[in-house]
Amino acid sequence: MIPITRPCIGQEEVEAAGQAILSGWLSQGPRVQQFEEAVAAYVGAPHAVSTSNCTTALHLALLGAGVQPGDQVICPSFSFIATANAIVYAGAEPVFVDIDRRTYNIDPERVEAAITSRTRAIIPVDQIGLAADIPAILEIGRRHGLMVVEDAAPSLGATVGAARVGSLSDLTCFSFHPRKSITTGEGGMITTADGEIADRLRRLRSHGASTSDLARHQSGSLDLEEYPELGFNYRTTDVQAAIGLVQMGRLESILAARRRLALRYSALLGEIDGVEVPYEPPQARHTFQSYCVRLPSGLRGKVMADLAAAGVSSRRGVMAIHLEPFYRSRMADCSLPETEQATEDTLLLPLYADMSEADQDRVVGSLTASLRAARALTQA
């Protein structure tokens, strides 16, 4: 079976994790700090704060942005459910807006139309690894006094013009889940230019403690922590950070390999009737967390079944959060036609850095055969 993805890990990661274990620092320690510094330097942000995963990163970032119970936060529905869940964790209300058909990212014009007196923040999502129109969203945020918390879970290494994602928004949240560009197993990171917010996030991720274990250890003196506000246990570990440091050294080669394969997919699939390949705006570089195609309406279920029978994994594109039972039960009905159509018609194909061209050809052949058979059925 050709998997939907496979992390690019090897003996270096094994040895780095082993060294972290033998060092005695198993929880958050010096390697976490080094990993934060590496990510901050890579994206061009003054501060980076590691967390246990991207969902907890989003939750903390919203708190850092000043989101409080009763506030509204604008976000796309076309995203993994964690985007909206983090808003609910903060006691706020998600306000879903529709997406641009080509990029699958939040439509800035619809963002502006959704702003109310209760709006406190905007969460653009860099869907599938393509940065949202962050300059336009930041401009809207500045005019209305709103913070922009970018859900960049799949887009470490993505760019907008000459700038890397992570250096643009007020707060940016990354994921290190195995499906992302690089992985630490689980893990997240928040980048920001605001030092006061970064300091608060470091406290909040560790139960609200006024000083960290590492700082107390390094001080060499009695340093009793205090807990001035309610915090959380959202820390990552030195074992994960050790793996992440090795992965950071692989990042550019991983991105280059994924991009080469994605462009090859587009060349192979671009001439097939009924298949829409990913769109990449001139000013943005896609990380291709996944390779997403749009199929003719009504065919995705059959195509996924045919691919599975041929030994090829696939996944539905992205969910429409507003149609999931939890959100349908607690929110007024909303109509998001582009989101609803995209969630019905999009399909993720296998893509990972060490994927062979032979396996890629097998994926393309299986997809082509399925669509040909479907077309023959409709014509019969």
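Structural notes, computed from the coordinates. (Residues numbered from 1 in each chain as written. Predicted model: local features only at pLDDT ≥ 70, side-chain atom pairs only at ≥ 80, totals over all residues. Heavy atoms only, no water.)

**Some remarks on the nonpolar core**
Nonpolar side chains in soluble globular proteins tend to end up buried together. Leu62, Val149 and Ile190 are the most contacted members of the largest nonpolar core, which has 35 residues in total. If you list the elements that add at least two residues to this core, you get helix H3 (54-64), strand E2 (72-76), helix H4 (82-89), strand E8 (171-175) and helix H7 (195-204). Among the elements that line this core, the one with the most residues is H3, at seven residues. Not counting residues up to four positions away in its chain, the partners in contact with Leu62 are Val67, Val73, Ala86, Ile87, Ala90, Ile123 and Val149. (Core = buried A, V, L, I, M, F, W, Y, C linked by side-chain atoms within 4.5 Å. Buried < 20%, exposed > 50% of the residue type's maximum accessible area, 1.4 Å probe, protein only. Helix = DSSP H or I, 4+ residues; strand = E, 2+ residues; numbered from the N terminus. Contact = heavy atoms within 4.5 Å.)

**A short note on the side chain of Ser50**
Here Ser50 lies in strand E1 (residues 47-51). Residue classification places Ser50 among the buried positions, given a relative accessible area of 1%. Ignoring any residue separated from it by four or fewer positions in sequence, one finds Ser50 in contact with Val32, Glu36, Gly188, Met189, Arg205, Tyr234 and Thr236.

**Some words on unusual backbone geometry**
For His207, which is not a glycine, the phi torsion comes out positive at approximately 65°. As for its position among the elements, His207 is in the loop between H7 and helix H8 (213-219). The exposure class of His207 is partly exposed, given its relative accessible area of 38%.

**Focus on the packing of helix H1 (residues 11-23) against helix H9 (residues 238-269)**
With their axes 8 Å apart at the nearest point, H1 and H9 run at an angle of 150° to one another. Relative to H9, the element H1 is oriented roughly antiparallel. Judged by the twist between their axes, the crossing of H1 over H9 is right-handed. Note on element contacts: H9 touches H1 through Asp238, Val239, Ala242, Ile243, Val246, Gln247 and Arg250, opposite Glu12, Glu13, Ala16, Ala17, Ala20 and Ile21. Here the contact of H1 with H9 is composed, by residue class, of eight nonpolar, one polar and four charged. (Axes fitted to C-alpha atoms, helices over the stretch in contact; angles between N-to-C directions. Parallel < 35°, antiparallel > 145°, perpendicular 65-115°, else oblique. Left-handed = near helix turned anticlockwise from the far one by under 90°. Nonpolar A, V, L, I, M, F, W, Y, C, P; charged D, E, K, R; others polar.)

**Examining H4**
Working note: α-helix, 3.6 residues per turn, so residues spaced by three or four point in the same direction. In terms of residue burial, H4 counts as a mostly covered element, since six of its eight residues are buried. Looking at the packing, one finds that the buried side of H4 touches H3, E2, strand E3 (93-97), strand E5 (147-151) and helix H11 (325-330).

**Some points on the environment of Leu295**
Relative to the helices and strands, Leu295 resides in the loop between strand E11 (291-294) and helix H10 (300-309). As a C-alpha pair, Leu295 and Arg120 span 175 residues in sequence and 37 Å in three-dimensional space. Excluding residues within four positions of it along the chain, Leu295 makes contact with Gly274, Val275, Arg300, Val303, Asp345, Leu347, Leu367 and Leu371.

**Focus on the state of the cysteines**
For the structure on display, the rule yields zero disulfides. A disulfide-free cysteine, Cys75 has its sulfur positioned 10 Å from the sulfur of Cys334, the nearest such atom. The closest cysteine sulfur to the non-disulfide-bonded Cys292 is located on Cys75, 19 Å from its own sulfur. Cys292 gets classed as buried once you look at its relative accessible area, which sits at 3%. (Disulfide = S-S within 2.5 Å.)

**Regarding H3**
Judged by how many residues are buried, H3 sits mostly within the fold: ten of eleven residues are covered. Listing the buried residues of H3 in full gives Cys54, Thr56, Ala57, Leu58, His59, Leu60, Ala61, Leu62, Leu63 and Gly64. Measuring from the backbone nitrogen of Thr55 back to the side-chain oxygen at the start of H3 gives 3.0 Å, which picks out Asn53 as the cap. Once H3 finishes, Gly66 follows within two positions and takes phi at roughly 90°, a positive value. (Polar contact = N/O pair within 3.5 Å; in protein donor to acceptor, adjacent residues only side chain to side chain.)

**Structural notes on the pattern of salt bridges**
For the structure shown, the criterion picks out 21 salt bridges. What emerges from the salt-bridge pattern is a single network uniting Arg260, Arg264, Glu357 and Asp361. (Salt bridge = Lys/Arg side-chain N within 4 Å of Asp/Glu carboxyl O.)

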